[in-house]
Amino acid sequence: MESIKSRKIRIAVVGCGRISKNHFGAIEAHSADLELAAVCDTDPAVLAEHSAAHGVPGYAKLEEMLQKEALDAIALCTPSGIHPDQAILGAKYGVHVITEKPMATRWEDGVRMVRACDEAGVFLFVVKQNRRNTTLQLLKRAVSEKRFGRIHLVHLNVFWTRPQSYYDQAKWRGTWEFDGGAFMNQASHYVDLFEWLIGPVEQVQCMTSTTRDIEVEDTGVMNVKWRSGALGSMSVTMLTYPKNLEGSITILGEKGTARIGGVAVNDIQIWDFEEPRDYDAEIAQANYSTTSVYGFGHPLYYDNVVKALRGECAPETDGREGLKSLELLIAAYQSARDGRTVPLPLEL
């Protein structure tokens, strides 16, 4: 894979909906290294608006854009169920792929994406910007340094709200095929913390319910057992009244207890360890860091994208990292559907 050294990296944004503004902002923040070369959207009015706003060509069809523009990378901000075929098409044209979460709505599709990018010799980046939150970086460090000792119990809450009007914005929202439910869409970054922070999961149990007029779940509970023997749980709902209340993680270990709360894991509320460290003094500052607030993580994520494409480092969250949380999500849905405990890894 040849690194891009002596010029700006040419990138196009595919899908100009809700999340695309984070990508446009991140590309602008890295304008010394990244050049927005084109935009793509199936809605003519949205396409015209963004093409004019950014002064770049606009395309209704991804393949036409890939044929006509000399691109290095595409950022997929389209409905989740479309990501696999678009990623595979990008790989076919030798273009690196950055995909929003979740990378796919089916396990087999996620595997197809990884395989296609491997065979084409291009990177597949899966956006996990929450990992860059200052608060979570400190928690990751504490876990990596084994400050908790043996971890006994982990619990996550995602108590947010998504009214019916949110799902009614587009036909693909709230569908199994293109979107996924509360676990897969809104809370997928929290599901990612199970594997990223604690390690490989051995078993999953899940129950879900649906109140909104949608196909998928808006509320669910999940239990997990890690291979280490630790137990964990997660409670998710999009029905909180009247607004988003909490996105939190609590870790209880033999030598430490920590809880990061706030609306989006942006407030370290408990940080209690048997052995102190010098960086414990950074806790208060981390809570006020803009990187810990929703919407600020994409520029930090793109920093790794740029360095990887420059040949300076490896991707932090590539397709294989993305598959870890997708596998957990699919196992949870299988458990909820069948009323059974699902062992991991999933069989292909």
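Just so it is clear, the structure is predicted and the values come from calculations on it, not from any experiment.

Cut-off values and rules
- Residues numbered from 1 in each chain as written.
- Predicted model: local features only at pLDDT ≥ 70, side-chain atom pairs only at ≥ 80, totals over all residues.
- Heavy atoms only, no water.
- Pairing = 2+ DSSP bridges.
- Helix = DSSP H or I, 4+ residues; strand = E, 2+ residues; numbered from the N terminus.
- Contact = heavy atoms within 4.5 Å.
- Axes fitted to C-alpha atoms, helices over the stretch in contact; angles between N-to-C directions.
- Domains from an automatic or database assignment.
- Buried area = accessible area lost by both parts, 1.4 Å probe.
- Salt bridge = Lys/Arg side-chain N within 4 Å of Asp/Glu carboxyl O.
- Buried < 20%, exposed > 50% of the residue type's maximum accessible area, 1.4 Å probe, protein only.
- 1 Å grid on protein atoms, 1.4 Å probe; cavity = no way out; pocket = protein on both sides within 12 Å on 5 of 7 lines; lining within 4 Å.
- Points joined across faces, edges and corners; volume = space filled by probe spheres on them.
- Nonpolar A, V, L, I, M, F, W, Y, C, P; charged D, E, K, R; others polar.

**Focus: the sheet that holds strand S11 (residues 246–253)**
Strand order in the open sheet made by the eight strands is S13-S12-S11-S7-S10-S9-S8-S14, with mixed pairing throughout. Here the strands that pair on one side only, and so sit at the sheet edges, are strand S13 (267–273) and strand S14 (342–343). By the bridge criterion, eight bridges tie strand S8 (residues 201–209) to strand S9 (residues 219–226) in an arrangement that is antiparallel. Looking at S9, one finds that Thr-208 is bridged to Gly-220. Packed on one face of the sheet, helix H6 (residues 134–144) meets strand S7 (151–159), S11, strand S12 (256–261) and S13 and runs near 20° to S13. In the packing of helix H8 (residues 188–198) onto the sheet, contacts are made with S7, S8, S9, strand S10 (231–237) and S11, and the angle to S7 comes to roughly 160°.

**Quick look at the sheet that holds strand S5 (residues 96–99)**
The pairing of strands in a sheet happens through backbone hydrogen bonds and is either parallel or antiparallel. As summarised here, the arrangement of the six strands in space is S3-S2-S1-S4-S5-S6, forming an open sheet in which the pairing is parallel. The two strands at the open ends of the sheet, each matched to only one other strand, are strand S3 (58–59) and strand S6 (124–126). Bridge count between S5 and S6: three bridges; the pairing is parallel. For Thr-99, the partnering residue across the bridge sits in S6 and is Val-126. With respect to the sheet, helix H1 (residues 20–29) is in contact with strand S1 (9–14), strand S2 (34–40), strand S4 (73–76) and S5, its orientation differing from that of S1 by roughly 165°.

**Notes on the domain arrangement of the protein chain**
Along its sequence, the protein chain is organised into domain 1 (9–129 + 298–318) and domain 2 (131–266 + 326–343). Between the C-alpha centres of domain 1 and domain 2 there is a distance of 26 Å. Contact between domain 1 and domain 2 buries roughly 1800 Å² in total, counting both sides, with carbon and sulfur atoms accounting for 57%. For domain 1, the biggest contributors to the area lost against domain 2 are Lys-101, Trp-107 and Lys-128; these three give 30% of the whole. At the boundary of domain 1 with domain 2, the tally comes to two salt bridges. We note a salt bridge from Glu-316 to Arg-132, for which the minimum N-O separation is 3.4 Å. Listing elements by their share of the side of domain 1 that touches domain 2, those giving two or more residues are helix H5 (107–120) and helix H10 (297–309).

**Comments concerning the pairing of S12**
Two elements, S11 and S12, share four bridges in a ladder whose sense is antiparallel. When the sheet's bridge partners are listed, Ile-251 is paired in S12 with Ala-258. Turn length for the S11-S12 hairpin, with the two strands adjacent in sequence and antiparallel, is two residues. By the bridge criterion, six bridges tie S12 to S13 in an arrangement that is antiparallel.

**Structural notes on the pattern of salt bridges**
This model, assessed by the stated rule, comprises 23 salt bridges. A salt bridge links Arg-141 to Glu-145, with the shortest nitrogen-to-oxygen separation between them at 3.0 Å. For Arg-141, a relative accessible area of 38% gives the class partly exposed. Relative accessible area serves as the criterion here: at 30%, Glu-145 is assigned to the partly exposed category. Connected through salt bridges with shared partners, the residues Asp-85, Arg-106, Asp-109, Arg-112 and Glu-177 form a single ionic network.

**A word on empty space enclosed by the protein**
For the structure shown, the criterion picks out two cavities of 30 Å³ or more. Considered as a void within the structure, the second largest cavity measures approximately 30 Å³ in volume. For the second largest cavity, the full set of lining residues is Pro-102, Met-103, Lys-128, Ser-188, Gly-322, Ser-325, Leu-326 and Leu-329. Broken down by element, the lining of the second largest cavity gets its largest block of residues, four residues, from helix H11 (residues 319–338). Split into classes, the residues belonging to the lining of the second largest cavity amount to four nonpolar, three polar and one charged.

**A word on H1**
Inspection of H1 places Ser-20, Asn-22, His-23, Phe-24, Ala-26 and Ile-27 among the buried residues, and these make up the whole buried set. Buried residues along H1 sit in contact with S1, S2, helix H2 (44–54), S4, S5 and H10.

**Observations regarding the side chain of Asn-185**
Within the secondary structure, Asn-185 is located in the loop between helix H7 (164–167) and H8. Asn-185 has contacts with Lys-101, Tyr-166, Asp-179 and Gly-180, leaving out every residue within four places of it along the chain.

**A look at the environment of Asp-33**
Turning to its location among the elements, Asp-33 is positioned in the loop between H1 and S2. According to the relative accessible area criterion, Asp-33 is partly exposed, its value standing at 25%. In the structure, Asp-33 is positioned 21 residues away from His-54 in sequence and 17 Å away in space, judged by C-alpha atoms. Not counting chain neighbours up to four residues away, the residues in contact with Asp-33 comprise Lys-8, Ile-9, Val-306 and Arg-310.

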